[in-house]
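# Geometric and topological summary
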Amino acid sequence: SQQGEEDPQALSIQEGENATMNCSYKTSINNLQWYRQNSGRGLVHLILIRSNEREKHSGRLRVTLDTSKKSSSLLITASRAADTASYFCATDAAGNTPLVFGKGTRLSVIA
Amino acid sequence: EAQVTQNPRYLITVTGKKLTVTCSQNMNHEYMSWYRQDPGLGLRQIYYSMNVEVTDKGDVPEGYKVSRKEKRNFPLILESPSPNQTSLYFCASSFGLGIGNTIYFGEGSWLTVV
């Protein structure tokens, strides 16, 4: 039961540009998290935003959450080649339910 | 160092030969989970466990078994592997669910069933 859907599926940008990835989900959530996965490696947590928050920053990352539209965006500013990875959103619904991951956005940053 | 360790990392096996992928975490986490990742399908949860002796099916449990006899370990068992179980498998753990806990992932186990 995949809840989060990332968009676009793939994104290719030049180093120094900003990258924006979006996530839409279907049901009400407690929290939304973004994870990063380098090719063939385990996922690594990036940032969590709670349902009562609208925006959160962490270094070059900016996450927004619009619960009325059931969507979130992840912005990576001043991208670097090392940002090349897949990015997943994961939603955390009410109650003790497991996080549900989307299919991910594959970001390529070209030096 | 906080870690989720899974073994083996790479395995080629034959159809029908039972195998176990081990998973261990050193963070005293209550919640553990197994996912498989396939191209175009993203991460799909196989089984999860909220605590010792408590396990639940995820989205794709068919063909898999798990056990949680100790808090730190959560092995994934393929009793009779088939080629459609060829995939990249991840073990993950966190303190709990529903309260925004970060999930920690292992490095993955590449399994090929021929």
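It should be noted that the structure appears before, not after, this text.
An account of the accompanying structure is given in this report. (Residues numbered from 1 in each chain as written. Chains lettered and ligands numbered in written order. Predicted model: local features only at pLDDT ≥ 70, side-chain atom pairs only at ≥ 80, totals over all residues. Heavy atoms only, no water.)

## Structural notes on the sheet that holds strand S7 (residues 61-66) of chain A
Residues and elements named next belong to chain A. The condition that has to hold: Here, any two strands with at least 2 DSSP bridges between them count as paired. Secondary structure elements are taken from DSSP: a helix is a run of H or I of four residues or more, a strand is a run of E of two residues or more, and numbering for both begins at the N terminus. Axes, fitted as lines to C-alpha atoms, cover a helix only where it is in contact. Angles between the N-to-C directions of the axes lie from 0 to 180 degrees.
Pairing in this open sheet of five strands is antiparallel, and the strands run S1-S3-S8-S7-S6 from one edge to the other. Among the strands making up the open sheet, the edge pair consists of strand S1 (5-7) and strand S6 (55-58). In this sheet, neighbouring strand axes are inclined to one another by 20° on average, regardless of whether the strands run parallel or antiparallel. Pairing of S7 with strand S8 (residues 71-76) involves six bridges; the strand directions are antiparallel. Residue Asp66 lies in a different strand from S8, and its bridge partner there is Ser71.

## Some points on the packing of aromatic side chains
Condition: Any Phe, Tyr or Trp ring, taking Trp's six-membered ring, that has another such ring centre within 6.5 Å forms a pair; planes under 30 degrees apart are called stacked, those over 60 apart edge-to-face, and the others tilted. Accessible area is worked out with a 1.4 Å probe on protein chains only. A residue is then buried under 20% of its type maximum, exposed over 50%, and partly exposed in between.
All told, the structure shown has eight aromatic pairs over all chains when counted by the stated rule. Ring centres 6.2 Å apart and planes at 85° place the aromatic pair Phe90 of chain B and Phe105 of chain B in the edge-to-face group. Taken together, the residues span a long stretch of sequence, with Phe90 of chain B in strand S9 (residues 87-94) and Phe105 of chain B in strand S10 (residues 104-105) at a distance of 15 residues. One exposure class covers both Phe90 of chain B and Phe105 of chain B, and it is buried. Ring pairing ties together the aromatic residues Tyr35 and Phe101 of chain A together with Tyr35, Phe90 and Phe105 of chain B, which thus form one cluster.

## Points about the sheet that holds strand S3 (residues 19-25) of chain B
Residue and element names in this part refer to chain B. With antiparallel pairing, the four strands of this open sheet are ordered in space as S1-S3-S8-S7. Looking at the sheet topology across the chains shown, the edges are occupied by strand S1 (4-7) and strand S7 (65-66). Two strands pair when backbone bridges link them, and S3 and strand S8 (residues 76-78) are joined in this way by three bridges, in the antiparallel orientation. By the bridge assignment, Leu19 is partnered in S8 with Leu78.

## Points about the side chain of Thr105 of chain A
Residue and element names in this part refer to chain A. Put simply, the rule reads: As used in this structure description, the phrase polar contact means that two N or O atoms lie within 3.5 Å; if the pair is within protein, one of them must be able to donate a hydrogen and the other to accept it, and residues adjacent in sequence are counted only when both atoms belong to side chains. For this analysis, residues touch if any pair of their heavy atoms sits within 4.5 Å.
Relative to the elements of secondary structure, Thr105 occurs in strand S11 (residues 105-110). In this structure the side chain of Thr105 is engaged in a polar contact, spanning 2.5 Å, whose partner is the backbone oxygen of Pro8. With residues near it in sequence (within four places) discarded, Thr105 still touches Glu6, Asp7, Pro8, Gln9, Leu11, Met21, Ala85, Ser86 and Tyr87.

## Here's the deal with the nonpolar core
Heads up, the condition is: We call a set of buried Ala, Val, Leu, Ile, Met, Phe, Trp, Tyr and Cys residues a nonpolar core when their side-chain atoms join them within 4.5 Å.
The biggest cluster of nonpolar side chains holds 20 residues, and the ones touching the most others in it are Met21, Leu32, Trp34, Leu74, Ile76, Tyr87 and Leu107 of chain A. At the level of secondary structure, the elements contributing two or more residues to this core comprise strand S3 (19-24), strand S4 (29-37), strand S5 (43-50), S7, S8, strand S9 (85-93) and S11 of chain A. Residues within four places of Ile76 of chain A in sequence aside, it is in contact with Glu17, Asn18, Ala19, Met21, Arg60, Leu61, Asp83, Tyr87 and Leu107 of chain A. Cys23, Met27, Leu78 and Cys91 of chain B belong to the second largest nonpolar core, which has 19 residues in total.

## Some points on the side chain of Asn31 of chain A
You can see Asn31 of chain A is positioned in strand S4. A distance of 3.0 Å separates a polar atom in the side chain of Asn31 of chain A from a polar atom in the side chain of Arg50 of chain A.

## Things to note about the environment of Glu15 of chain A
Residue and element names in this part refer to chain A. For Glu15, the location among the structural elements is in the loop between strand S2 (10-14) and S3. Residues Glu15 and Arg60, spaced 45 residues apart in sequence, show a C-alpha to C-alpha distance of 13 Å. If sequence neighbours within four positions are ignored, Glu15 has contacts with Ser79, Arg80, Ala81, Val109, Ile110 and Ala111. A polar contact is formed between the side chain of Glu15 and the backbone nitrogen of Ala81, at a distance of 3.0 Å.

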